[in-house]
Amino acid sequence: MDINRRSLLAAGSVAAVAPASSARAQAQTIRVGVLTDMSGPYRDTTGPGSVALTQAAAAEMANRGFTIEVLSADHQNRPDVGANLARQWYDQGVDAIVDVPTSSVALAVNQIAREKNKVFLNSGAASSDLTGSQCSPNTVHWTYDTWMLAKGTGGAIVRTGGDSWFFITADYAFGHALERDTANFVRAAGGQVLGQVRYPFPATTDFSSFVVQAQASRAKVLGMANASTDTVNTIKAAREFGLHRSMKLAALLMGVMDIHALGLESAQGLLLTESFYWNLNDRTRALTQRVRAANQNRPPAMVPAGCYGATLHYLKAVADMGAAAAKADGRAAVARMKAMPTDDDAFGPGRIREDGRKIHPVFLFEVKSPGESRAPFDYYKVAATTPAEEAFRPVSEGGCSLVRS
């Protein structure tokens, strides 16, 4: 098990009047564990970036009367590995776990956090069940989810005439939820789903046979219910077989690092939905400037930005209620997070609903052509904006037991 530990706040600076050794003995330590993909298909869109942005949030909350320690581990996209790490961390004094890409892992951590009365700050996993049937008083779902993606990209494409779909789907909880939510929007708009194929995750690298099946369906839209490296490889295979000439390619979850890997020549014109883009406004650009050196000289991707926002707001709640109280009761810490308005440089102002869903505006982006890009990672232009209160599934429709009828 590879776990890295880094203290971000010198305890001696908490109380200037006390000797460093005395302050260190008295100060409460809040431990945040970044459980992420450091070696698999989601590494470039989460992984080291999520660690760097979590560290940035911790550094921003220095000198608040408690020390902050950030740990990181690789869950290998395996629910058993992720669950074991989460149990060990919580039992050994970790107060909050953040990120957790791969919905099957996140759903397991969600239950363990509830069992241990700790905090789970989800940024990387997309399943909308985390604020629906599997909602928990210990969990906040921060950055995005499958319902949001389905509405933002799937709904937009149906409105432009893409009314028949074929899905290539990662065969685990995330892929299933994304296909389900998108298919519901397609059918509600009068469209139809002509077929789907599910592939083993994370063991698949060759998508040729799946692309051939999609081509044979004669659907107007290929819905890619996958993410990161898998989406990039699906698009590459689709272009090799000329699928882009007869079908619209719908990247249901794709980010700026995926565009970087694919290249603007191949990605130009794609529509995709994100809740964060580094070049969106003055605040996102300021955040990018602060973290670029620690983030491998890259701008933050959406999921790491969510780790920053979620961790920052959690630490604000800790400061507000006191570190001892926050450590003693994860449910109380999440309740305090819900009671406080959110505001950070990644997402701006927002709030956390009673079902644990953090809400903020969501953007439909179109990928620029090579001639339109003016700087490294200048890849998007805004095609549409969905206000925060409309971007996520209505709280009354999720089936969350925390929602009062």
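Residues numbered from 1 in each chain as written. Predicted model: local features only at pLDDT ≥ 70, side-chain atom pairs only at ≥ 80, totals over all residues. Heavy atoms only, no water.

### Focus: the environment of R87
Next, step 1: Tracing the backbone shows R87 in helix α3 (residues 79–91).
Next, step 2: For R87, a relative accessible area of 31% puts it in the partly exposed group.
Next, step 3: Counting along the chain gives 149 residues from R87 to K236, while the straight-line C-alpha distance between them is 39 Å.
Next, step 4: Those residues within four positions of R87 in sequence are excluded, and the remaining contacts are I112, E115 and K116. (Helix = DSSP H or I, 4+ residues; strand = E, 2+ residues; numbered from the N terminus. Buried < 20%, exposed > 50% of the residue type's maximum accessible area, 1.4 Å probe, protein only. Contact = heavy atoms within 4.5 Å.)

### Remarks on unusual backbone geometry
Next, step 1: Each neighbour pair has its own omega, and for F201 with P202 the value is 5°, a cis peptide bond.
Next, step 2: Within the secondary structure, P202 sits in the loop between β8 (192–199) and α7 (208–217).
Next, step 3: A positive phi angle, close to 85°, is found at D99, a residue other than glycine.
Next, step 4: If you trace the backbone, D99 turns up in strand β4 (residues 96–99).
Next, step 5: With relative accessibility at 0%, the residue D99 sits in the buried group.

### Side note on the sheet that holds strand β12 (residues 342–344)
Each strand in a sheet pairs with another by means of backbone hydrogen bonds, the pair being arranged parallel or else antiparallel.
Next, step 1: The sheet built from three strands is open, its strands ordered β12-β13-β14 with antiparallel pairing. Each of the sheet's edge strands pairs with one partner strand only, and the pair in question is β12 and β14 (358–359).
Next, step 2: Here β12 pairs with strand β13 (residues 348–352) via three bridges, running antiparallel. Residue pairing for β13: T342 is matched across the bridge by G350.
Next, step 3: Its contacts with the sheet place helix α12 (residues 302–321) against β12 and β13, and it is angled at close to 125° to β12. (Pairing = 2+ DSSP bridges. Axes fitted to C-alpha atoms, helices over the stretch in contact; angles between N-to-C directions.)

### Quick word on the sheet that holds β8
Next, step 1: One open sheet accounts for four strands, arranged β8-β7-β9-β10; its pairing is parallel. Of all the strands in the sheet, the pair left with one neighbour each is β8 and β10 (248–251). With direction set aside, neighbouring strand axes in the sheet form an average angle of 20°.
Next, step 2: Relative to β10, strand β9 (residues 221–225) is paired through four bridges, and the arrangement is parallel.

### Considering the packing of aromatic side chains
Next, step 1: In this structure the tally under the stated criterion is 16 aromatic pairs.
Next, step 2: Relative to F347, the ring of W142 lies with its centre 6.5 Å away and its plane at 75°, an arrangement referred to as edge-to-face. Here the residue W142 occupies a position in the loop between β6 (139–141) and α5 (146–159), and F347 occupies one in the loop between β12 and β13, the gap between them amounting to 205 residues. Comparing W142 with F347 shows no difference in burial state: the two are buried.
Next, step 3: One aromatic cluster in this structure is built from Y277, W278, F363, F365 and Y380.
Next, step 4: Geometry around W278 places R292 over its ring, the cationic atom sitting 6.0 Å from the centre.
Next, step 5: Stacked on the ring of W142, the Lys or Arg K358 has its end atom at 4.8 Å from the ring centre. (Phe/Tyr/Trp six-rings, centres within 6.5 Å; stacked < 30°, edge-to-face > 60°. Lys NZ or Arg CZ within 6 Å of the ring centre and 35° of its normal.)

### So, the state of the cysteines
Next, step 1: Scanning the entire structure with this criterion turns up one disulfide.
Next, step 2: Paired by a disulfide, C135 and C400 hold their sulfur atoms 2.1 Å apart. Disulfide C135 to C400: torsion about the S-S bond roughly 90°, handedness right-handed. On the criterion of sequence distance, the pair formed by C135 in the loop between β5 (119–122) and β6 and C400 in the segment after α15 (388–391) is long-range, its members being 265 residues apart.
Next, step 3: Overall, the relative accessible area of 4% leaves C135 in the buried class.
Next, step 4: C400 sits in the buried class, given a relative accessible area of 7%. (Disulfide = S-S within 2.5 Å.)

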